[in-house]
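# Structure assessment
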Amino acid sequence: MSEIMKKEAEKFGFEYEKHGRKLVWHDEFDKDSIDFDKWNFRRTMGGKDRIYDNSEKHARIEDGHLLMQVYGTDDPEHPWSLSEGFTTSDTMLFTYGYLEIKARPPFRHGAWPSFWMQSATPFRTVPWFSEVDIYEIFSSENKVVANIHKWGEGQHTSLDGVENASDRAYFFEDFENLNNEYHIYGFEWDEKYMYFYVDGEMYIKFDITEEGCQVPNNVLPGVQCFHDPHFIIFNDEIFTPNGGWVVPGWSLVDEDPLPIDYCIDYVRLYQKEGERLILKDEIAKKTAESK
């Protein structure tokens with residue numbers, strides 16, 4: 001595996017080693033179409049006023065990038081169409097490592113793009129699961145927001161960060177051309193912390209140890225869910241009047257131009273010895289055993 005990954009890094013001209021780890025999994029989106037040995041679609045968000053369509057109209061490989069797009073429709077009850085979540089839920093899970101993407105998400109009114117992770121059901125060791133929002137863009141022209149959550153048993157809580165807990169956002173100073181720019185978004189995860197980066201700058205970290213994790217009101221106690229295997233998710237979602245989360249002033253209006261584009265240049269995962277990588281065959285076996 002290591003020699004294969006090293007040769008692939010050399011082929012594409014990027015670092016084989018990063019953050020003290022070595023490349024173990026990646027997609028450069030260099031093929032003619034989506035590699036479904038690495039990705040699958042999954043309903044991860046929702047709303048009553050949109051159509052989910054996983055055709056190439058909404059998610060495809062174009063010019064060496066993954067391009068996801070939201071379109072308008074002629075259906076008055078469902079005026080928007082988009083793809084479901086683009087995920088590795090059936091193909092790749094991991095615990096700990098350094099995950100990096102180069103992307104051009106939409107920074108504009110009504111847009112809700114995200115790069116996030118969720119703990120994988122067949123491999124979860126507690127009844128609830130974790131959600132790690134590496135970034136979300138909440139109808140904003142200049143910032144991304146990081147967060148981590150617990151869900152389950154009819155309860156939910158967000159966790160406080162160790163640093164900059166009052167503001168989990170990274171603000172771009174020069175944002176006038178942001179919708180035409182690619183930036184590098186990184187996520188580092190080990191036994192003690194989750195770190196979040198933009199263009200190499202770490203702007204927030206969360207303590208995920210029993211001693212340091214700050215769980216409001218002790219909801220869903222313990223931190224084990226943040227150490228279970230997770231899968232990657234990308235959403236090119238939107239805020240709409242009948243969406244799953246409606247916030248005044250954020251929903252799309254007729255004046256908002258369509259389509260809404262979300263472009264991803266690459267996804268790369270680096271790990272060191274002892275960090276866990278679970279691939280398609282093992283996922284399928286565990287899923288079958290759990291039924």
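As shown above, the structure is provided for reference.
Residues numbered from 1 in each chain as written. Predicted model: local features only at pLDDT ≥ 70, side-chain atom pairs only at ≥ 80, totals over all residues. Heavy atoms only, no water.

## Quick word on the overall build of the protein chain
The criterion, for reference: Strands here mean DSSP runs of E at least two residues long; helices mean DSSP runs of H or I at least four residues long; both are numbered from the N terminus. It is over C-alpha atoms that the radius of gyration is taken, and the globule rule equals 2.2 Å times the number of residues to the power 0.38. Only protein chains enter the accessibility calculation, which uses a 1.4 Å probe. A residue is then buried if its area is under 20% of the maximum for its type, exposed if over 50%, and partly exposed in between. Note on areas: Shrake-Rupley, 1.4 Å probe, and residue coverage restricted to the protein chains presented here.
The number of helices and strands found in the protein chain is two helices and 21 strands. Here the protein chain has a C-alpha radius of gyration of 19 Å; the compact-globule value for 291 residues is 19 Å, and the two agree. In terms of principal-axis extent, the alpha carbons of the protein chain reach across some 50 × 50 × 45 Å. Burial statistics for the protein chain: of 291 residues in total, 55% are counted as buried. As displayed, the protein chain has an accessible area near 13,400 Å², and 46% of this comes from carbon and sulfur atoms.

## Regarding the packing of aromatic side chains
For the record, the criterion: Note on aromatic pairs: the rings of Phe, Tyr and Trp (six-membered ring only in Trp) are paired at centre separations within 6.5 Å, and the planes decide the class, stacked below 30 degrees, edge-to-face beyond 60, tilted for the rest. The criterion for a charge sitting over a ring is simple: Lys NZ or Arg CZ within 6 Å of the ring centre, and within 35 degrees of the ring normal.
Counting across every chain of the model gives 29 aromatic pairs. Considering the side-chain rings of tyrosine 96 and tryptophan 189, the 5.4 Å spacing of their centres and the 80 degrees angle between planes classify their relative orientation as edge-to-face. Here tyrosine 96, found in the loop between β9 (92–95) and β10 (97–104), pairs with tryptophan 189, found in strand β16 (residues 183–189); they are 93 residues apart in sequence, far enough to count as distant. With respect to burial, tyrosine 96 and tryptophan 189 carry one shared label: buried. Over the ring of tyrosine 71 we find lysine 57; its NZ or CZ atom is 4.8 Å from the centre of that ring. Residue placement shows arginine 268 over the ring face of phenylalanine 14; its charged tip is 3.6 Å from the ring centre.

## A word on the side chain of threonine 88
Note the following rule: As used in this structure description, the phrase polar contact means that two N or O atoms lie within 3.5 Å; if the pair is within protein, one of them must be able to donate a hydrogen and the other to accept it, and residues adjacent in sequence are counted only when both atoms belong to side chains. Residues are treated as being in contact if the distance between any of their heavy atoms lies within 4.5 Å.
Residue placement: threonine 88 occurs in the loop between β8 (85–87) and β9. Given the relative accessible area of 0%, threonine 88 is considered buried. Only 3.0 Å separates the side chain of threonine 88 from the backbone nitrogen of isoleucine 232, close enough to count as a polar contact. When neighbours within four sequence positions are excluded, threonine 88 is seen to be in contact with Trp25, Lys38, Trp39, Asn40, Leu93, Phe231 and Ile232.

## Thoughts on the environment of isoleucine 184
Position of isoleucine 184 among the secondary structure elements: in strand β16. Each C-alpha atom, one on isoleucine 184 and one on glycine 212, is 29 Å from the other, the two residues being 28 residues apart in sequence. Setting aside chain neighbours within four positions, we find isoleucine 184 in contact with Glu100, Ile101, Lys102, Tyr197, Val198, Asp199 and Tyr266.

## What about the pattern of salt bridges?
As a reminder of what qualifies: Each reported salt bridge corresponds to a side-chain nitrogen of Lys or Arg within 4 Å of a carboxyl oxygen of Asp or Glu.
Scanning the model with the defined rule gives 13 salt bridges in all. One salt bridge connects arginine 268 with glutamate 28, and the closest N-O pair in it is separated by 2.8 Å. In this pair, arginine 268 is assigned in strand β20 (residues 260–271) and glutamate 28 in the loop between β2 (21–27) and β3 (40–42), connecting sequence segments 240 residues apart. For arginine 268, a relative accessible area of 7% gives the class buried.

## Thoughts on the environment of serine 89
Inspection of the secondary structure puts serine 89 in the loop between β8 and β9. Assessed through its relative accessible area of 7%, serine 89 is described here as buried. Along the chain, serine 89 and phenylalanine 231 lie 142 residues apart, while their C-alpha atoms are 5.2 Å from each other. Sequence-distant contacts of serine 89, defined by excluding residues within four places in its chain, comprise Asn40, Arg42, Phe231 and Ile283. Only 2.9 Å separates the side chain of serine 89 from the side chain of asparagine 40, close enough to count as a polar contact.

## Considering the nonpolar core
To be explicit about the condition: What makes a nonpolar core is a set of buried Ala, Val, Leu, Ile, Met, Phe, Trp, Tyr and Cys residues whose side-chain atoms join them at distances within 4.5 Å.
If you look at the biggest cluster of nonpolar residues, it comprises 56 residues, and the most contacted ones within it are Leu99, Val144, Phe196, Phe234 and Val267. Apart from residues lying up to four places away in sequence, valine 144 is in contact with Phe107, Tyr135, Glu136, Ile137, Arg168, Ala169, Tyr170, Phe172, Tyr185, Val198 and Tyr203. Met5, Leu23, Tyr98 and Tyr270 belong to the second-largest nonpolar core, a separate cluster that totals nine residues.

## Observations concerning unusual backbone geometry
For the bond from leucine 258 to proline 259, the omega torsion is 5 degrees, close enough to zero to count as cis. Residue position: proline 259 is located in the loop between β19 (230–238) and β20. Non-glycine residue histidine 19 carries a positive phi angle of around 50 degrees. With respect to the helices and strands, histidine 19 occurs in the loop between β1 (17–18) and β2. Non-glycine residue aspartate 199 carries a positive phi angle of around 50 degrees. Relative to the helices and strands, aspartate 199 is located in the loop between β17 (193–198) and β18 (201–207). Aspartate 199 gets classed as partly exposed once you look at its relative accessible area, which sits at 40%.

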